[in-house]
Amino acid sequence: MASRLRPVPLPRVTLTPVPDPPYDGEQRGPEPATHGSLALAPADPRPLVWGPPGSVPDERHLRHLGQALAEILTGRRPPETVSDRLTDRAYAELVRAGRMITAGSRPLVGVPRVTQPREGAVEMCVLVHCGERSHVLALRLERRGVQWLCTDFETA
């Protein structure tokens, strides 16, 4: 008797909704300073560009890049495996950073949260599960011709 397999739904990239305005009498604090750091900005209503103009970003590629960087930062993969996906400065920083994440087991990344702060730039954030402790990995990718390259990364 053959077992029936259910198709697994594919993940989708969604834009983060803009927060509601403050209610009467409620005041918002100042916007957080993000100069020099990766911050996931509010959603831009324009669609993300991936590959040819007008195409939809491939979340699978973003997730694989996040997984590869998480494995490098835990010391389970050599940095050379992603050298073609990073700018020279980001690659040098990755090599210099070495093992930044301590993991008892193989790191697994969650679904990426993606925003487009401006045309030709994408910022994503993934949760990296490392056994008992989880970490956050943020990446900034910029379009160089038809290829997206990681220009900066942060982890906490």
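Keep in mind it's a predicted model, so treat the numbers as computed, not measured.

**Digging into the overall build of the protein chain**
1) Next: Across its full length, the protein chain carries two helices and five strands.
2) Next: Taken from N to C terminus, the helices and strands of the protein chain fall in the order α-α-β-β-β-β-β.
3) Next: Looking at the protein chain alone, contacts between residues at least 24 apart form 54% of all its contacts between residues at least 6 apart.
4) Next: On the protein chain, roughly 10,500 Å² of surface is accessible, and the fraction owed to carbon and sulfur atoms is 56%.

**Some points on helix α1 (residues 59–73)**
Since there are 3.6 residues in each turn of an α-helix, residues three or four apart along the chain are aligned in direction.
1) Next: The first and last C-alpha atoms of α1 sit 21 Å apart over 15 residues, in line with the 21 Å expected at 1.5 Å per residue.
2) Next: In this structure, the buried residues of α1 make contact with α2 (88–97), β1 (108–109), β2 (113–118), β3 (121–130), β4 (133–144) and β5 (147–155).
3) Next: In the segment just after α1, Gly75 is the residue with positive phi, at about 85 degrees.

**Here we look at the environment of Leu86**
1) Next: Looking at the secondary structure, you find Leu86 in the loop between α1 and α2.
2) Next: Residue class for Leu86 comes out buried when judged on its relative accessible area of 5%.
3) Next: Taking the C-alpha atoms as reference points, Leu86 and Thr151, 65 residues apart in sequence, are found 6.2 Å from one another.

**Some thoughts on the nonpolar core**
1) Next: Of all hydrophobic cores here, the largest spans 26 residues; its most connected members are Leu69, Leu94 and Leu139.
2) Next: Elements that contribute at least two residues to this core include exactly α1, α2, β3, β4 and β5.
3) Next: Among the elements that make up this core, the one with the highest residue count is α1 (seven residues).
4) Next: When near neighbours in sequence (up to four residues on either side) are disregarded, Leu69 contacts Val82, Leu86, Leu94, Leu137 and Leu139.

**Digging into the pairing of β2**
1) Next: Pairing geometry for β2 and β3, over four bridges, is antiparallel. Residue pairing for β3: Arg113 is matched across the bridge by Cys125.
2) Next: Two successive antiparallel strands, β2 and β3, enclose a turn made up of two residues, where Gly120 displays a positive phi of approximately 85 degrees.

**Describing the pattern of salt bridges**
1) Next: Under the defined criterion, the tally for this structure stands at seven salt bridges.
2) Next: Between Glu71 and Arg77 there is a salt bridge, with the nearest N and O atoms lying 3.0 Å from each other.
3) Next: On the basis of relative accessibility, which here comes to 8%, the residue Glu71 falls in the buried class.
4) Next: Using a relative accessible area of 30% as the deciding quantity, one classes Arg77 as partly exposed.

**Side note on the side chain of Thr74**
1) Next: Counting through the fold element by element, Thr74 comes out in the loop between α1 and α2.
2) Next: A polar contact of 3.0 Å, which involves the side chain of Thr74, links it to the backbone oxygen of Glu71.
3) Next: Sequence-distant contacts of Thr74, that is, excluding residues within four places in its chain, are made with Arg99, Ile101, Ala103 and Pro107.

**Description of the pairing of β4**
1) Next: Pairing between β3 and β4: 10 bridges, direction antiparallel. Across the sheet, residue Leu127 finds its bridge partner in β4, namely Val136.
2) Next: Turn length for the β3-β4 hairpin, with the two strands adjacent in sequence and antiparallel, is two residues, and the turn residue Gly131 shows positive phi of about 85 degrees.
3) Next: In terms of strand pairing, β4 meets β5 through eight bridges, oriented antiparallel. Note that in β5 the partner of Leu137 across the bridge is Thr155.
4) Next: What sits between β4 and β5 in their antiparallel hairpin is a turn of two residues, with Gly145 showing a positive phi close to 75 degrees.

Conventions adopted
Residues numbered from 1 in each chain as written. Predicted model: local features only at pLDDT ≥ 70, side-chain atom pairs only at ≥ 80, totals over all residues. Heavy atoms only, no water. Helix = DSSP H or I, 4+ residues; strand = E, 2+ residues; numbered from the N terminus. Contact = heavy atoms within 4.5 Å. Areas by Shrake-Rupley, 256 points an atom, 1.4 Å probe, with all protein chains shown as cover. Expected span 1.5 Å × (residues − 1). Buried < 20%, exposed > 50% of the residue type's maximum accessible area, 1.4 Å probe, protein only. Core = buried A, V, L, I, M, F, W, Y, C linked by side-chain atoms within 4.5 Å. Pairing = 2+ DSSP bridges. Salt bridge = Lys/Arg side-chain N within 4 Å of Asp/Glu carboxyl O. Polar contact = N/O pair within 3.5 Å; in protein donor to acceptor, adjacent residues only side chain to side chain.

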